[in-house]
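The lines below spell out each chain.
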Amino acid sequence: MLRRKVSRQGGLPDCLNPRLRLDLPARLGTEQGPDGCGKALLQIGINMMALPGGRHLDSIPLPGQRLHLMQAKPISLEEDAQGDLILAGGPSPGDPLQLLLKRGWVISTELRRIGQKLAQDRWARVHSMSVRLTCHARSMVSEYSAISKSSSQEMGQVEKLLMEKCSELSAVTERCLQAENEHVLKSMKACVSETLSTLGQHFGQLLELALTREVQALVRKIDSSDNVYTTESTTGNLFSLTQEGAPLCRIIAKEGGVVALFKVCRQDNFRCLYPQALRTLASICCVEEGVHQLEKVDGVLCLADILTDDSHSEATRAEAAAVVAQVTSPHLPFTQHLSSFLESMEEIVTALVKLCQEASSGEVFLLASAALANITFFDTMACEMLLQLNAIRVLLEACSDKQRVDTPYTRDQIVTILANMSVLEQCASDIVQENGVQLIMGMLSEKPRSGTPAEVAACERVQQKAAVTLARLSRDPDVAREAVRLNCMSRLIELCRSPSERNSSDAVLVACLAALRRLAGVCPEGLQDSDFQQLVQPRLVDSFLLCSNMEESFV
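What counts, and where the lines are drawn
- Residues numbered from 1 in each chain as written.
- Predicted model: local features only at pLDDT ≥ 70, side-chain atom pairs only at ≥ 80, totals over all residues.
- Heavy atoms only, no water.
- UniProt positions renumbered as here; feature names shortened; annotations may be inferred.
- Axes fitted to C-alpha atoms, helices over the stretch in contact; angles between N-to-C directions.
- Helix = DSSP H or I, 4+ residues; strand = E, 2+ residues; numbered from the N terminus.
- Parallel < 35°, antiparallel > 145°, perpendicular 65-115°, else oblique.
- Left-handed = near helix turned anticlockwise from the far one by under 90°.
- Contact = heavy atoms within 4.5 Å.
- Nonpolar A, V, L, I, M, F, W, Y, C, P; charged D, E, K, R; others polar.
- pLDDT = per-residue confidence, 0-100.

- The name an unreviewed UniProt entry gives the chain is Protein inscuteable homolog, with Sciurus vulgaris as the organism.
- Taken verbatim from the UniProt record of the chain, the Subcellular location (unreviewed entry) comment is "Cytoplasm, Cell cortex".

Shown next, in the form of structure tokens:
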């Protein structure tokens, strides 16, 4: 997962920074409730309205992608008359996790909606929803108690506090209905807001305690089981929980989930479960606690062993690559301190290049290339290793294989690797030798097929990084002349002047202006006077403003 900021180096624009960013679609973040009650409610970060993904690559449409665990019908927070929340079918009998998640989703949604109505001074709705909230909270407490059959003293105390605040909220909102004096109502509104905030805190604490208890049970079951079917079922449940967002991943990591899953990945009798266990690990490692636990149990060494062992299935090695991609993600600051990775980096990089070369599907290639792309950010030595391993040839050859490379998401990984490798002088000659300039030229014309926001964004990144790669490589006169011969300058001018060609992306515009200027320095005769005067001669910022502020004249 991920919209990454990159540090400015030498005053260059973002798209020309020596360490180019890698943008894979992000795990959706949590939403914030209105009037501050969202902060209290989401103190542990659990937001049942969000639709989080399970891994760093979650919003890339992959075959067999898991559906969100929540099956309750989405609602509009703007609805009023038809605003009652009903559990779709109710939780499965005897399933505490489903109960907690579904009831928790309803209660958190009600809290946010009450905050909205409170801000609008719609006191009748605030009161009726407060009464309904009390019913939902009472149902969750009683139903969970019936299923779990026992409760800790701490949970009992929080349950009591929660129900007391629910009753207090119902009582105070009823009094607000009868108040006529505006000053009195204003002071009572502050009281309602404070009560709602405290109620949200108690609800968050109770939900965290209950979910932690269920996670502990799952982890113990995985840790102690020697039965394949039991372990498979329990690991599947744990994976489903990771799909609910980062807060649950933190709980799982804290309660020993990473340790238990790596234990599975070190037992030969569980080999058939390695892909599932690794997929779950990739999800957990989206949070700092997960990565720290991975390092404590020598997880990187385990991943290296799996990736370099050809006796493992391709699916297993692909999921191991996904974990590597997650723990080397450049948008996560804590992954940059994964010291144990450097010790195994060479063998991991070698194995990933081989996996790219032998990949039997687009998904496998995507996971392996994403891991390589992230590693090029992780350490500069990785680019030199890739050069020695003839990775440029492997990647460029894959581009002509539709079975492996057929989406902008995959081309995004390839051009990221090329952009980061292009800082090496030898890279230019290798790319020219493999006809890579023509491929980069083609990436400047990347277009989305479906028009979905994720795919459109991926196409923008491909165009931007292709222009950055071209600008860097054009330091070599041979590359610059080849680019001019292939009419790259015409395409760059089109991208600068036509917003629709770049989806009005400023990042693509800046990168194309920089590449055009680099090529114009080698072959100025390839430009018309108007192009030179508007796109090359002025300061970069002036050309940027001209192209971005006078869009209509270019359409």
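### A closer look at the packing of helix α8 (residues 257-264) against helix α10 (residues 288-296)
Turning to step 1, where the next piece is worked out: Closest axis-to-axis distance for the α8/α10 pair is 9 Å, and the angle between their directions is 45°. Considering the angle they form, α8 stands oblique to α10. You can see that α8 and α10 cross each other, and the crossing is right-handed. Listed contacts from α10 to V258, V259 and F262 of α8 are G290, Q293 and L294.
Turning to step 2, where the next piece is worked out: Looking at the contact of α8 with α10 residue by residue, the classes come out as 4 nonpolar, 2 polar and no charged.

### Some words on the packing of helix α6 (residues 228-242) against helix α7 (residues 246-254)
Turning to step 1, where the next piece is worked out: Close contact between α6 and α7 brings their axes to 8 Å; oriented N to C, the two are set at 140°. In terms of orientation, α6 and α7 fall into the oblique class. Contacts from L238, L241 and T242 in α6 reach L248, C249 and I252 in α7.
Turning to step 2, where the next piece is worked out: Across the contact of α6 with α7, the residue classes break down as 5 nonpolar, 1 polar and no charged.

### Observations regarding the confidence of the model for the chain
Turning to step 1, where the next piece is worked out: Per-chain confidence: the chain averages 81 in pLDDT, with 81% of residues scoring 70 or above.
Turning to step 2, where the next piece is worked out: Confidence drops under a pLDDT of 50 for residues 1-83, and excluding neighbours within four residues, the segment shows 233 contacts in the predicted structure.
Turning to step 3, where the next piece is worked out: Contacts for the low-pLDDT stretch residues 86-91, under 50 throughout, to residues beyond four places or in other chains number 12 contacts.

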